[in-house]
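# Architecture and fold: a report
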Amino acid sequence: MDAGHEPSLILLCGLPGSGKTTLAKRLANEIPAVRLCPDEWLADLGIDLFDVQARDRLEKRFSQHAQELLKLGQSVILEFGFWSRTERDEKRLGARALGAHVELHYLAAPIDELCRRLEARNEKGERGTAQITREMLEPYAELFEAPTTDELNLFDEPLLGRRG
Ligand SMILES: Nc1ncnc2c1ncn2[C@@H]1O[C@H](COP(=O)(O)OP(=O)(O)OP(=O)(O)O)[C@@H](O)[C@H]1O
Ligand SMILES: [Mg+2]
């Protein structure tokens with residue numbers, strides 16, 4: 001199948017403040033693709049953005065929905081952050097099984113830069129964005145499993161933009 005015609009699953013990987021939502025909004029228009037953003041949905045449903053169980057359930061439901069959309073030929077962007085290789089492998093294999101194109105965009109920035117961006121975002125207090133401080137970000141960065149070049153090469157070349 002021509003990569004230009006098959007639906008795409010786009011995974012946006014990176015820590016808070018790395019720019020996933022910003023990039024997702026742009027790609028959603030350009031591709032076009034349906035953007036599934038847990039933070040926005042949790043906020044709209046009146047659920048605490050730090051309710052880990054609710055987030056986990058929502059992400060599982062979004063993943064099923066993404067598969068349904070891909071089957072219908074609709075491209076999808078998941079902006080879950082994808083901190084672990086296991087999650088990324090699962091999504092890549094699931095999309096490939098449907099014959100979809102699958103991209104991993106890894107957004108990296110130094111922790112000081114992430115903190116600067118998050119401080120500015122926290123001040124605005126936009127709906128659907130989590131208030132994240134340096135004290136929270138530092139342990140997150142320890143847990144985050146950055147994709148290697150070998151892993152990035154397992155994904156398809158981005159149709160638009162770069163991988164990060
Ligand atoms: N490439 C960039 N350079 C500088 N600032 C950026 C860049 N991308 C996004 N920003 C700014 O940084 C802030 C965080 O970006 P964004 O909300 O897209 O991050 P995120 O990865 O979605 O974070 P979260 O995981 O908390 O949802 C925003 O205020 C945005 O305007
Ligand atoms: Mg976001």
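Before reading on, note that the structure itself is shown above.
Overview of the structure. (Residues numbered from 1 in each chain as written. Chains lettered and ligands numbered in written order. Predicted model: local features only at pLDDT ≥ 70, side-chain atom pairs only at ≥ 80, totals over all residues. Heavy atoms only, no water.)

## A short note on the overall build of the chain
Rules: Helix numbering and strand numbering both begin at the N terminus, where a helix is a DSSP run of H or I of at least 4 residues and a strand a DSSP run of E of at least 2. When we talk radius of gyration, it's over C-alpha atoms, and the globule rule is simply 2.2 Å times the number of residues to the 0.38. Burial classification: accessible surface area is computed with a 1.4 Å probe over protein chains only, and a residue below 20% of its type maximum counts as buried, one above 50% as exposed, and the rest as partly exposed. Contacts are assigned to residue pairs with any non-hydrogen atoms lying within 4.5 Å of each other. Accessible areas in this description were obtained via Shrake-Rupley with a 1.4 Å probe; residue shielding takes into account the shown protein chains only. Positive residues here are Lys and Arg, negative ones are Asp and Glu, while His and the chain termini are left out of the count. Where a charge sits is defined by one atom per residue type, namely NZ (Lys), CZ (Arg), CG (Asp) or CD (Glu).
Regarding its fold elements, the chain presents seven helices and four strands. Along the chain, helices (α) and strands (β) appear in the sequence β-α-β-α-α-β-α-β-α-α-α when read from the amino end. Relative to a compact globule of 164 residues, whose C-alpha radius of gyration would be 15 Å, the chain shows 15 Å and is just as compact. Oriented by its inertia axes, the alpha-carbon framework of the chain measures out at about 45 × 35 × 30 Å. Within the chain, buried positions represent 43% of all 164 residues. Summarising the internal contacts of the chain: among those between residues at least 6 apart in sequence, 74% fall at separations of at least 24. Roughly 9100 Å² of accessible area belongs to the chain as shown, and the carbon and sulfur atoms make up 52% of that amount. When the 22 basic and 29 acidic side-chain charges of the chain are each reduced to a single mean position, those positions are 2 Å apart.

## Thoughts on the packing of helix α5 (residues 111–124) against helix α6 (residues 134–143)
Defined as follows: Lines fitted to C-alpha atoms define the axes, with helix axes restricted to the stretch in contact, and inter-axis angles between N-to-C directions lie between 0 and 180 degrees. Small angles under 35 degrees read as roughly parallel and large ones over 145 as roughly antiparallel, with 65 to 115 read as roughly perpendicular and the rest as oblique. Handedness of a crossing follows from how the near helix is turned relative to the far one, being left-handed for an anticlockwise turn of less than a right angle and right-handed for a clockwise one.
Where α5 contacts α6, the two axes come as close as 10 Å, and the packing angle between them is 140 degrees. Relative to α6, the element α5 lies oblique. Pair α5 / α6 crosses with right-handed handedness. On α6, the residues that touch Ile111, Asp112, Leu114, Cys115 and Leu118 of α5 are Arg134, Leu137, Glu138 and Ala141.

## Regarding the pattern of salt bridges
The condition that has to hold: We define a salt bridge as a side-chain nitrogen of Lys or Arg found within 4 Å of a carboxyl oxygen belonging to Asp or Glu.
For the coordinates displayed, the defined rule picks out 16 salt bridges. Where Asp44 meets Arg127, a salt bridge forms, and the shortest distance between an N and an O atom there is 3.2 Å. Of the two residues, Asp44 is situated in helix α2 (residues 38–44) and Arg127 in the loop between α5 and α6; the sequence distance between them amounts to 83 residues. As a salt-bridge pair, Lys60 and Asp56 come within 3.0 Å of each other at their nearest N and O atoms. Of this pair, Lys60 and Asp56 both sit in helix α3 (residues 52–71), four residues apart, which is roughly one turn of that helix.

## Quick word on the site of ligand 1
As a reminder, the rule being used: The criterion for a residue being near a molecule or strand is simple. One of its heavy atoms has to lie within 4 Å of it. Any pair of nitrogen or oxygen atoms within 3.5 Å is treated as a polar contact; in protein, a donor-acceptor pairing is required on top of that, and neighbouring residues in sequence qualify only through side-chain atoms on both sides. Charged means Asp, Glu, Lys or Arg here, nonpolar means Ala, Val, Leu, Ile, Met, Phe, Trp, Tyr, Cys or Pro, and polar covers whatever is left, Gly included.
Leu15, Pro16, Gly17, Ser18, Gly19, Lys20, Thr21, Thr22, Asp39, Arg117 and Arg121 make up every residue found near ligand 1. Arg121 is positioned with one of its side-chain polar atoms (N or O) 2.8 Å from an oxygen atom of ligand 1. Within the complex, the protein chains bury 69% of what would otherwise be the 640 Å² of accessible surface of ligand 1. Contributing elements (two or more residues each) for the shell around ligand 1: α1 (20–30) and α5. Element by element, the count of residues in the shell around ligand 1 is highest for α1, at three residues. Considered class by class, the residues forming the shell around ligand 1 number two nonpolar, five polar and four charged.

## Thoughts on unusual backbone geometry
Each neighbour pair has its own omega, and for Ile31 with Pro32 the value is -15 degrees, a cis peptide bond. Among the structural elements, Pro32 can be located in the loop between α1 and β2 (34–36). With a phi angle near 45 degrees, Phe82 is a residue other than glycine that sits in the positive phi range. Locating Phe82 in the fold gives a position in the loop between β3 (76–81) and α4 (85–97). Its relative accessible area of 1% is what places Phe82 among the buried residues.

## With respect to the sheet that holds strand β1 (residues 8–13)
Rules: Being paired, for any two strands, means DSSP has found at least two bridges between them.
Spatially, the four strands line up as an open sheet ordered β2-β3-β1-β4, and their pairing is parallel. In this open sheet, the two edge strands, each paired with only one partner strand, are β2 and β4 (101–106). Strand-to-strand twist in this sheet, taken as the mean axis angle between neighbours without regard to direction, amounts to 20 degrees. This element, α1, spans β1, β2, β3 and β4 of the sheet and lies at about 180 degrees to β3.

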